[in-house]
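Single-letter residue listing:
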Amino acid sequence: LLWLVLFMVGSSTSVEALPKWSNTQTPDLKKCAVGESTSARLNSRFALKRDNEIVVEWVKPNCALGGTEVRVDVFLRFRNKGEIGLGEADCKIRGVEVKHELNNTWGVYWFLLNPGIYTICHRERIGRGKWTEQTKFYILEPTAYHCSKINDAVTKNASVACEFPPGETIKFFDGFLNEPTPKPNRCVGTCEECLAEGGNCKCQMTRQVDHPCKQCFACDGNLTEDGEPRCECMPIKGR
């Protein structure tokens, strides 16, 4: 528990604003394997190998589902300086944002919302110099398939995807203000919950007897103003 105590009482900083760039790359579950395992794992801690250019000790989560607030914790090695920030898929100078200065800092954390591939970048000097990639972490798109891989905390059943029409916003705290942010799609427990929020429900068919598509059957035939189904059962991949 020593690392936890140090993280809490040492110099730790939060960087809570969303990056200005829109992530154009969305990862799949294969990116969520930790270490030598081939199985995907969400919300796990990923430790980095020691290297002279690496200041990050570990990052958590290695992989998470987007659509709701994701807290990313980064624990740093004992001696560090310069600045750390987030890049989209790499550490190009113009693409690194939500930066924070380091001075033997124990840890930093970000609050993120949107799916994508995020790269943690560090450089030795503040405001200049080459960025060095530390590691990547992944926030999955909340599709029907990805949502089916997690159980809803209330219903205990596989979750479904809830997709919201363009133009809707939510309030997201960026560290200073609660600013309107485009409302992201997310995983919810039932289609009823999704429809009540004005979303369209996507359920993933599985080979299990009690598969999530049963939730879509109840609102079959319920259409949007454009004639699109408000509940849709997505077929198994490969069929």
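The structure this text deals with has already been given above.
One structure accompanies this document, and this report is about it.

About the criteria used
- Residues numbered from 1 in each chain as written.
- Predicted model: local features only at pLDDT ≥ 70, side-chain atom pairs only at ≥ 80, totals over all residues.
- Heavy atoms only, no water.
- Disulfide = S-S within 2.5 Å.
- Helix = DSSP H or I, 4+ residues; strand = E, 2+ residues; numbered from the N terminus.
- Buried < 20%, exposed > 50% of the residue type's maximum accessible area, 1.4 Å probe, protein only.
- Phe/Tyr/Trp six-rings, centres within 6.5 Å; stacked < 30°, edge-to-face > 60°.
- Lys NZ or Arg CZ within 6 Å of the ring centre and 35° of its normal.
- Polar contact = N/O pair within 3.5 Å; in protein donor to acceptor, adjacent residues only side chain to side chain.
- Salt bridge = Lys/Arg side-chain N within 4 Å of Asp/Glu carboxyl O.
- Pairing = 2+ DSSP bridges.
- Axes fitted to C-alpha atoms, helices over the stretch in contact; angles between N-to-C directions.

1. Some points on the state of the cysteines
Part 1 of the reasoning: Going through the model one piece at a time under the given rule, you end up with 5 disulfides.
Part 2 of the reasoning: Covalent S-S linkage joins Cys-147 and Cys-187, the inter-sulfur distance amounting to 2.0 Å. On the sign convention where negative is left-handed, the bridge of Cys-147 and Cys-187, at about -85° about the S-S bond, is left-handed. Here Cys-147, found in helix α2 (residues 144-147), pairs with Cys-187, found in strand β14 (residues 186-188); they are 40 residues apart in sequence, far enough to count as distant. Assigned by exposure class, Cys-147 and Cys-187 land together as buried.
Part 3 of the reasoning: A sulfur-sulfur separation of 2.1 Å characterises the disulfide bridge that pairs Cys-162 with Cys-194.

2. Description of the packing of aromatic side chains
Part 1 of the reasoning: On inspection of all chains with the given rule, the structure shows 5 aromatic pairs.
Part 2 of the reasoning: With a centroid separation of 5.7 Å and an interplanar angle of 55°, the aromatic rings of Phe-78 and Trp-106 are classed as tilted. Of this pair, Phe-78 sits in the loop between β5 (70-76) and β6 (81-87) while Trp-106 sits in the loop between β7 (97-103) and β8 (107-112), placing them 28 residues apart in sequence.
Part 3 of the reasoning: The interplanar angle of 5° and the centroid separation of 5.4 Å between the aromatic rings of Tyr-118 and Phe-137 together place this pair among those described as stacked. Residue Tyr-118 is found in strand β9 (residues 116-123), and its partner Phe-137 is found in strand β10 (residues 132-140); the two are separated by 19 residues along the sequence.
Part 4 of the reasoning: Overall, the relative accessible area of 0% leaves Phe-137 in the buried class.
Part 5 of the reasoning: By way of ring pairs, the aromatic residues Trp-58, Phe-75, Phe-78 and Trp-106 are connected into one cluster.
Part 6 of the reasoning: Here the basic side chain of Arg-71 rests over the ring of Tyr-109, its NZ or CZ set 3.8 Å away from the ring centre.

3. Concerning the side chain of Asn-80
Part 1 of the reasoning: With respect to the helices and strands, the residue Asn-80 is situated in the loop between β5 and β6.
Part 2 of the reasoning: Residue Asn-80 is classed as buried on the basis of its relative accessible area of 5%.
Part 3 of the reasoning: There is a polar contact of 2.9 Å between the side chain of Asn-80 and the backbone oxygen of Arg-77.
Part 4 of the reasoning: Of the polar contacts made by the side chain of Asn-80, one reaches the backbone nitrogen of Thr-105; its length is 2.9 Å.

4. What about the pattern of salt bridges?
Part 1 of the reasoning: Applying the stated criterion across every chain yields a total of 10 salt bridges.
Part 2 of the reasoning: Put simply, Glu-57 and Arg-77 hold a salt bridge, and the shortest N to O gap is 2.6 Å. Within this pair, whereas Glu-57 is found in strand β3 (residues 56-60), its partner Arg-77 is found in the loop between β5 and β6, the two being separated by 20 residues in sequence.
Part 3 of the reasoning: Three or more residues are tied together by salt bridges with common partners; here these are Glu-168, Lys-183, Arg-186 and Glu-197.

5. Digging into the sheet that holds β14
Part 1 of the reasoning: Taking strand neighbours across the sheet as the criterion, the 4 strands line up as β14-β11-β15-β16 in an open arrangement whose pairing is mixed. Only two strands of the sheet have a single partner each, and these edge strands are β14 and β16 (231-234). Each strand of the sheet is rotated relative to its neighbour by a mean of 35°, with strand direction disregarded.
Part 2 of the reasoning: Relative to β16, strand β15 (residues 200-204) runs parallel, the two being bridged by 4 bridges. Of the residues in β16, the one forming a bridge with Cys-201 is Cys-231.

6. Remarks on the sheet that holds strand β4 (residues 63-65)
Part 1 of the reasoning: Strand order in the open sheet formed by 5 strands is β4-β10-β9-β6-β7, and the pairing between neighbours is mixed. Each end of this open sheet is capped by a strand with a single partner; those strands are β4 and β7. Averaged over all neighbouring strand pairs, the angle between strand axes comes to 25°, with direction disregarded.
Part 2 of the reasoning: Pairing geometry for β6 and β7, over 5 bridges, is antiparallel. Pairing of Gly-82 across the sheet is with Leu-102, part of β7.

Shape descriptors only; they carry no functional weight alone.
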